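Structural overview for review
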Amino acid sequence: MNQTGQTNITRRMRLFLTVSAILVVVFAIRLIDFQIVRAEAISEYSYENRAVTRTIPAIRGDILDANGEVLATSVYRYDINAAPSMVKPVSRVVDGVEQVISVEAVAADLARILQEDIAVLLPKLTGTSNYVNLKKRVDADTHRSIEELEIPWIFSDAHQNRLYPNGAVAGNLIGFVDTDGLALAGLERQFNACLAGVDGQERFERGVDGIRIPSSAVVTQEVAHGRDVVLTIDASLQYHAQQTLASEVERLDADWATAVVIEVKTGRIVLAAEAPSVDPNDPGKSAPEERGARVFQYAYEPGSTMKTLTAATAIETGFATMATGVVAPDQMPLFDRTIKDFSPHETWNLTLAGVLTKSSNVGIIKIAENIPASTRFDFMQRFGFGKPTEVGFEGETGGLLSDYNNWDGVTNFTTTFGQGLSVSAVQMASVYQTLANGGVRVNPVLVAGCADDAGAMTSVPKTTSTQVVSAQTAQDVMLMLEKVVEDGAIGQATAVPGYRSAGKTGTAEIQEGAGYGDYFATSFFGMAPVDNPQYAMGVMIYKPKQVHTNSMAAAASYQKILSQVLLTNRVAPSTTVSPEIATEW
Amino acid sequence: MKSLRKSRLSAPVVMILVTGFVAVSLLHLLLTILTSQSVYELSDLKREKRELDTTSQILSEEVSSLASNQNLLNTASRLGMVANTNPVFLRLTDQSVLGQPLPAPIASAQSTNLVANSAMIIESTQINQVTVPASTTEPVAIPTTVSTSLIPASPTR
């Protein structure tokens, strides 16, 4: 090789090395730029392209009865949608042969499964839109049937939905939620903080094929599922009571009816039923006034069931005993009014027990006339009147109990037999619970607490016991009320064979305008068994058009519900007999 | 001579490096294939789980509905059962009968359910499904998850 050739090679080599060096420097600069200077931004940009953020929806908690039976739960429902712009015939392999199914045939399948009219559904599938809803909130079974059709232009969106497997059983207590899951009424709303959880969030990376990259998920916010609300209600008894009341409302042509049963020793409400009742699965079918819980939210003048409280006050304060006698004509003048007994009768010589058995308005006024109004007012308050019970049900009424200083002359006396004040059914049942529990009032409880997955309870209501009257007074009143069941025609209709039970009738007039209307709120409140009180209960039938003049209307329901409560809870029949108590002198 | 010895010495090193590189590459390839397979298997399993969750939900709803008080009353009435509202007990200690035994009155039969339940179904839609033998293992609590469908979510709103 000559000198010139050698020089050319050396030059080329230098040129190559120089170019290479420049390229290396350029790449090095770019490398430093990518890897160091803009490393974080590029990495973030890349991650954003791969990463997907997903909300982990919190599952709303269940509402359970005292035995764990599910009254409300969360399930998934699906909106079935289509993309009309993508609609075309569908290829399917049938018996190994590929077939093309026309859009019309596919639409017919969809219409059959969705139970929609093909004439309505088919036009929805035409057009250039990417979205049209075919049906909202179909159940999982229907959704699966749609899925099996394998239609590439059909899509679905899952939504949490509330399901009430027992329908209207305790529906008036449970309340309901709207289609977006917003609690609208009842315990669903009142205990929303317990039931509703907190949605979580996670981020994960996805490959170009859309498949999730393993181990890439990062939970940015832990999901906290809702907890369960546990009631004191027994769903089976609640159902039985609602069924009984519904039957009686129909038979008596009444507006509505309620029943409440309280466990004497614990204050737990075993049932709080009413008819008509609302089915939370479809609350729109019920009239607005039927969607609440009248046991807690409706106050009425109690009528003669109030005489029990007056009798307890009289005995406790020493103004009367069971044997205290009064002369009770069928009416008496009182200021500008005439107070009458329920029906005309000859003058009776009644003991306090007789006053209760005969339910004499005149008699109870004479028993209570010497008790100071302030004392009677005080006892009414101690029995829980004038304020909502400790249940604290949303919209719960405390009734109307005006200060005794505001009572006029007539009201001073009519309050002894249940006029001039109003109470809710649960307030009145609480009076009978108190007397059945040796004079100790235990606050009524409807919700046992809020339970987490492990069963640990929070929000457990405090139980307070208050001695309202002495045990002896309570026993005396209960024994007198037993005579109502034994001797009274209506009382006898409430008796459960084999059990000693006690109670009091109530036929309350209903205010209409300035006076009272033609129909009554008839009720019966009591306790059983007298020799070992377990349950206090009450039934109220509102405006029965048949059997509307006395509380016989409530007796049949009371007897049926009490029987079922005793039977279900295996309460042993009585083994003692009631003592003799004089009702006349 | 010295450079020849040097090149002889470096040959095994080169071989080891090349072999190592090939081995690592093959191992990497193998792991990549396995991981890819696992990803798709995991995806299939998740899909299967969603299917089973859906089946579980369908069956749970049916069981709840069939066990509802309304359904029990309807079924009992169809079978001609009448409730006796008169409780009677036999005390074993002295063999005494507590309560007054009375026959159930026909009038007590409330054959028609009066408590609404729009979620109630009359019979299972799963009766033709293959019966799965009961598990011999203890049931474990399965955390509820969102059961998104196999049908893709709607592309637009």
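In this text, all values refer to a predicted model and were calculated from it rather than measured experimentally.

Rules used throughout
In every chain, residue numbers begin from 1 and rise along the written sequence. Each chain is given a letter, starting from A, and each ligand a number, starting from 1, according to the order in which they appear as written. In keeping with the model being predicted, local features are shown solely for residues with a pLDDT of at least 70 and side-chain atom pairs are shown and tallied solely at 80 or more, while totals for entire chains, interfaces and linings include all residues. Secondary structure elements are defined from DSSP: runs of H or I of at least 4 residues count as helices, runs of E of at least 2 residues count as strands, and each element is numbered from the N terminus. For a compact globule the rule gives 2.2 Å times the number of residues to the power 0.38, and the radius of gyration it is set against comes from C-alpha atoms. Put simply, a residue is buried when 20 or more other C-beta atoms lie within 10 Å of its own C-beta and exposed when 12 or fewer do; between those, it is partly exposed, and each C-beta is set from the backbone. When DSSP finds two or more bridges between two strands, those strands count as paired. Axis lines are fitted to C-alpha atoms, over the contacting stretch for helices. Their N-to-C directions set the angle, which ranges from 0 to 180 degrees. Here, residue contact means that the backbone-derived C-beta atoms of the two residues sit within 7 Å. In this entry, domain limits derive from an automatic or database-based domain assignment. Angles are sorted into four bins: roughly parallel if under 35 degrees, roughly antiparallel if over 145, roughly perpendicular if 65 to 115, and oblique for all others. Take the far helix as the reference: if the near one is turned anticlockwise from it by less than a right angle, the crossing is left-handed, and if turned clockwise, right-handed. Side-chain classes are defined by residue name, with Ala, Val, Leu, Ile, Met, Phe, Trp, Tyr, Cys and Pro counting as nonpolar, Asp, Glu, Lys and Arg as charged, and the others, Gly among them, as polar. The predictor attaches a confidence to each residue, called pLDDT, with possible values from 0 through 100. One fewer than the residue count of a helix, multiplied by 1.5 Å, yields its expected span. Relevant arc is that of directions from the helix axis to the C-beta atoms, nothing else.

**Digging into the overall build of chain A**
Helix and strand counts for chain A stand at 19 helices and 25 strands. In terms of overall dimensions, chain A is more spread out than a globule: its C-alpha atoms have a radius of gyration of 37 Å, far above the 25 Å expected for 585 residues. Taken over the C-alpha atoms alone, chain A extends approximately 155 × 55 × 50 Å along its principal axes. By the burial criterion, 46% of the 585 residues in chain A qualify as buried.

**Some details on the pairing of strand β14 (residues 325-328) of chain A**
Residues and elements named next belong to chain A. The side-chain alternation of β14 yields one buried face, formed by V326 and A328, and one unburied face, formed by G325 and V327. The pairing of β14 with strand β17 (residues 348-351) spans four bridges and is antiparallel. Its bridge partner being in β17, V326 is matched across the sheet by L350.

**Here's the deal with the sheet that holds strand β11 (residues 256-263) of chain A**
All names here are of chain A. Ordered in space as β12-β11-β25-β24-β23, the five strands form an open sheet in which the pairing is antiparallel. This sheet does not close on itself; its edge strands, each paired only once, are β12 (269-275) and β23 (502-512). The sheet shows a mean angle of 10 degrees between the axes of neighbouring strands, taken without regard to direction. In this structure, β11 lies alongside strand β25 (residues 535-542), joined through eight bridges in antiparallel fashion. When the sheet's bridge partners are listed, V261 is paired in β25 with M537. Packing against the sheet, helix α16 (residues 425-436) makes contact with β11, β24 (515-528) and β25, and its axis sits at approximately 150 degrees to β25.

**A short note on the interface of chain A and chain B**
Each partner contributes to the interface: chain A provides 51 residues, whereas chain B provides 45 residues. Listed by contribution, the elements that provide at least two residues to the side of chain A that touches chain B are β3 (70-82), α5 (140-148), β7 (154-163), α9 (235-252) and α19 (552-568) of chain A. The element contributing the most residues to the side of chain A that touches chain B is α9 of chain A, with seven residues.

**Some words on the domain arrangement of chain A**
Under the domain assignment used here, chain A contains domain 1 (77-162) and domain 2 (235-568). Put simply, the middle of domain 1 of chain A and the middle of domain 2 of chain A, counted by C-alpha atoms, are 58 Å apart.

**A closer look at the sheet that holds strand β9 (residues 218-221) of chain A**
All names here are of chain A. Read from one edge of the open sheet, three strands run β1-β8-β9, paired in antiparallel fashion. Bordering the open sheet on either side are β1 (51-56) and β9, each of which pairs with just one other strand. Across the sheet, the axes of successive neighbouring strands diverge by a mean angle of 25 degrees, strand direction being ignored. Relative to β9, strand β8 (residues 200-205) runs antiparallel, the two sharing three bridges. The residue bridging E202 from the neighbouring strand is V219, located in β9.

**A look at the packing of helix α11 (residues 307-316) of chain A against helix α13 (residues 361-368) of chain A**
Residue and element names in this part refer to chain A. The geometry of α11 relative to α13 is characterised by a closest axis approach of 10 Å and an angle of 25 degrees between their N-to-C directions. Taken together, the axes of α11 and α13 lie roughly parallel to each other. Judged by the sense of rotation from one axis to the other, the crossing of α11 with α13 is left-handed. From α11, K307, T310 and A314 reach across to α13, where they touch I364, I367 and A368. Here the contact of α11 with α13 is built from residues that sort into four nonpolar, one polar and one charged.

**A word on the confidence of the model for chain B**
Residues and elements named next belong to chain B. Of the residues in chain B, 68% reach a pLDDT of 70 or more, and the chain-wide mean stands at 75. Confidence drops under pLDDT 50 across residues 128-137; counting only partners more than four residues distant or on other chains, this segment forms zero contacts. Note that residues 139-149 has pLDDT below 50 and, in this model, 18 contacts with residues that lie over four places away or in other chains. Two summary scores accompany this predicted model of the complex, namely pTM at 0.83 and ipTM at 0.81.

**So, the pairing of β8 of chain A**
Where β1 of chain A meets β8 of chain A, six bridges bridge the pair, whose relative direction is antiparallel. The residue of β8 of chain A that forms the bridge with R54 of chain A is E202 of chain A.

**Focus on helix α3 (residues 103-114) of chain A**
Residue and element names in this part refer to chain A. Taking 1.5 Å of rise per residue, twelve residues should cover 16 Å, and α3 covers 16 Å from first to last C-alpha, within 8% of that figure. Buried within α3 we find V106, A107 and L110. Across the axial projection of α3, the buried residues extend over an arc of 100 degrees, all falling on one side. The outward face of α3, more than 90 degrees from its buried face, is lined by the exposed residues E104 and R112.

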